[in-house]
Amino acid sequence: MVHADATDGAVKPSRLIDDRRSLGPLNASIHVPPAGLWLRRFLAFAGPGYMVSVGYMDPGNWATDISGGSKFGYTLLAVILISNVMAIVLQALAARLGIATDKDLAQACRDYYSRPVSLALWLACEAAIIACDLAEVIGTAIALKLLFGIPLLWGALLTALDAFLILLLMQRGFRYLEAFVVALLVIIFVCFAAQIAMSSPPVAAVLQGFIPSSTIVTDPLALYIAIGIIGATVMPHNLYLHSSIVQTRAYPRTEQGRRGALKWAVTDSTIALMLALFVNAAILITAAAVFHDNGRTDVEEIEQAHALLSPMLGVGIASTLFAVALLASGLNSTVTATLAGQIVMEGFLHLRLPDWMRRLITRGIAIVPVVIVTALYGESGTAKLLILSQVVLSMQLPFAIIPLVTFVSDRRLMGALAIPAWLKVVAWAIALVIVALNVKLLVDVVLGT
């Protein structure tokens with residue numbers, strides 16, 4: 001149970017074991033102007049949303065977008081749009097939890113649930129982070145092969161070096177970490193903007209694709225890919241991540257200060273997730289314009305798309321831009337997954353490891369299966385491993401969404417910032433849809449349908 005602090009409306013769990021703040025010294029480390037132009041205050045809050053948006057355009061999403069565009073043209077753009085709206089709502093709820101309670105989702109789970117339940121949730125979340133890291137290793141290794149001809153096996157081993165890059169950035173301060181992420185996002189955006197320009201998709205067909213079509217539910221394969229797109233949209237670790245990093249801003253810990261912080265945090269994440277919408281839509285639109293419109297409906301894998309882009313577009317740089325965006329996506333995703341791993345371990349266990357140790361442990365666990373599968377089954381095996389990583393993520397998703405919606409609906413925990421009744425209905429509807437679709441996706445994969 002919890003009780004409210006009468007001084008500022010903040011909620012203090014009575015079962016709190018210690019008073020460690022989320023992300024320790026990084027908590028409230030970024031100055032926020034108390035007054036002045038709205039743009040200055042917005043820029044002070046801008047950053048966490050872009051770090052969260054990385055998870056919505058990581059290498060795990062690329063295969064479903066490519067396959068969807070190749071097979072069904074622009075039809076599944078509606079699915080990308082709907083799934084992005086769901087993500088915007090859920091990330092806003094994660095930010096609300098962190099701002100209202102001064103606790104991230106992992107800390108809230110530890111304080112709210114019994115010890116066995118919280119430990120089970122921690123294990124599930126760690127499995128999801130490792131699965132996400134697995135997708136990033138494969139994506140980065142593929143990009144290194146496409147750009148520099150490095151074999152997948154060696155590319156996977158080289159990804160361990162990013163531990164030192166992340167360590168360096170975190171030592172410089174959280175703003176440096178955010179700047180690195182935003183810089184890579186700009187690279188991804190520019191690469192796909194160029195791809196769209198080169199592929200010259202028909203505008204009318206693209207706009208029509210954002211309108212839901214009956215084909216999505218009547219065609220079994222279209223439905224399967226649509227479920228895959230939605231299932232890969234909301235990354236479980238992103239909910240833990242967002243609830244923590246919004247607290248890096250030094251806003252007043254009062255009801256008025258929290259309301260202001262929530263407004264800016266939601267604005268930041270909504271704008272950033274619209275960028276993620278553009279990237280995912282751009283991948284699908286490029287696949288539709290280049291492959292589907294030219295009769296190539298069999299393109300499903302990242303390497304296959306890379307090999308065909310330049311020849312079919314007649315532009316030599318097209319495939320290079322594709323690979324550069326993939327590399328930027330893989331590197332970016334490693335930053336946020338590392339930070340999420342730190343947040344989850346500290347929140348659930350109150351156990352802090354040195355950043356370099358935490359990073360090498362998680363990356364090492366992810367590299368080992370990639371190396372083994374590549375050595376035994378070749379490069380085709382890594383494609384199956386990528387699919388498996390998305391299935392593991394799908395299995396964990398309910399264990400992040402359901403606690404989140406439960407917490408933000410609880411007025412005893414959230415105080416004045418508990419979500420209103422209409423938003424509660426929307427949140428539970430989104431949670432049930434995503435959970436149901438992920439369960440169906442998991443069952444289909446297991447049964448091989």
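Residues numbered from 1 in each chain as written. Predicted model: local features only at pLDDT ≥ 70, side-chain atom pairs only at ≥ 80, totals over all residues. Heavy atoms only, no water.

J.: For this particular structure, what's the right way to read the overall build of the protein chain?
T.: Looking only at helices and strands, the protein chain has 21 helices and four strands in total. For the protein chain, with 449 residues in total, the buried portion stands at 58%. Across the protein chain, every contact between residues at least 6 apart in sequence was considered, and the portion connecting residues at least 24 apart equals 84%. Roughly 17,200 Å² of accessible area belongs to the protein chain as shown, and the carbon and sulfur atoms make up 71% of that amount. (Helix = DSSP H or I, 4+ residues; strand = E, 2+ residues; numbered from the N terminus. Buried < 20%, exposed > 50% of the residue type's maximum accessible area, 1.4 Å probe, protein only. Contact = heavy atoms within 4.5 Å. Areas by Shrake-Rupley, 256 points an atom, 1.4 Å probe, with all protein chains shown as cover.)

J.: Just checking my understanding: could you explain the packing of helix 6 (residues 115-148) against helix 15 (residues 302-313) for this structure?
T.: How two helices pack is summed up by the angle between their axes together with the distance between the axes. Running from N to C, helix 6 and helix 15 cross one another at 25°; their axes reach a closest spacing of 11 Å. By the criterion of interaxial angle, the relationship of helix 6 to helix 15 is roughly parallel. In this structure, the crossing between helix 6 and helix 15 has a hand that is right-handed. Within the contact between the two elements, helix 6 uses Ile-142, Lys-145 and Leu-146 and helix 15 uses Ile-302, Glu-303 and His-306. (Axes fitted to C-alpha atoms, helices over the stretch in contact; angles between N-to-C directions. Parallel < 35°, antiparallel > 145°, perpendicular 65-115°, else oblique. Left-handed = near helix turned anticlockwise from the far one by under 90°.)

J.: Just to check I follow, could you spell out unusual backbone geometry for this structure?
T.: If a residue is not glycine, its phi is most likely negative; likewise, a peptide bond is most likely trans. The phi torsion at Leu-23 lies on the positive side, around 65°, for a residue other than glycine. In this structure, Leu-23 sits in the loop between strand 2 (11-13) and strand 3 (30-31). Taking relative accessible area as the criterion, Leu-23 reaches 4% and is therefore assigned buried. Located in the positive-phi region is Ser-200, a residue other than glycine, with phi close to 45°. For Ser-200, the location among the structural elements is in the loop between helix 9 (174-199) and helix 10 (203-209). Among the residues examined, Ser-200 registers a relative accessible area of 55% and is labelled exposed.

J.: So what exactly am I meant to see when it comes to the nonpolar core here?
T.: Counting residues in hydrophobic clusters, the biggest one holds 140 residues, and the most contacted among them are Leu-76, Leu-93, Leu-97, Phe-174, Ile-245, Leu-339 and Ile-434. In this view, Ile-434 contacts Met-86, Leu-90, Ile-230, Val-234, Leu-397 and Ile-401; residues no more than four positions away in its chain are not counted. Membership of the second largest hydrophobic core comes to five residues, among which are Ala-128, Ala-131, Cys-132 and Leu-393. (Core = buried A, V, L, I, M, F, W, Y, C linked by side-chain atoms within 4.5 Å.)

J.: Explain a nonpolar patch on the surface here, please?
T.: Judged by side-chain polarity, Leu-158, Leu-161, Phe-164, Trp-356 and Leu-360 come together as a nonpolar surface patch covering roughly 480 Å² of accessible area. By the element assignment, Leu-158 lies in helix 7 (residues 152-158). (Patch = residues over 30% accessible without salt bridge, like charges linked within 9 Å, V, L, I, M, F, W, Y side chains within 5 Å. Salt bridge = Lys/Arg side-chain N within 4 Å of Asp/Glu carboxyl O.)

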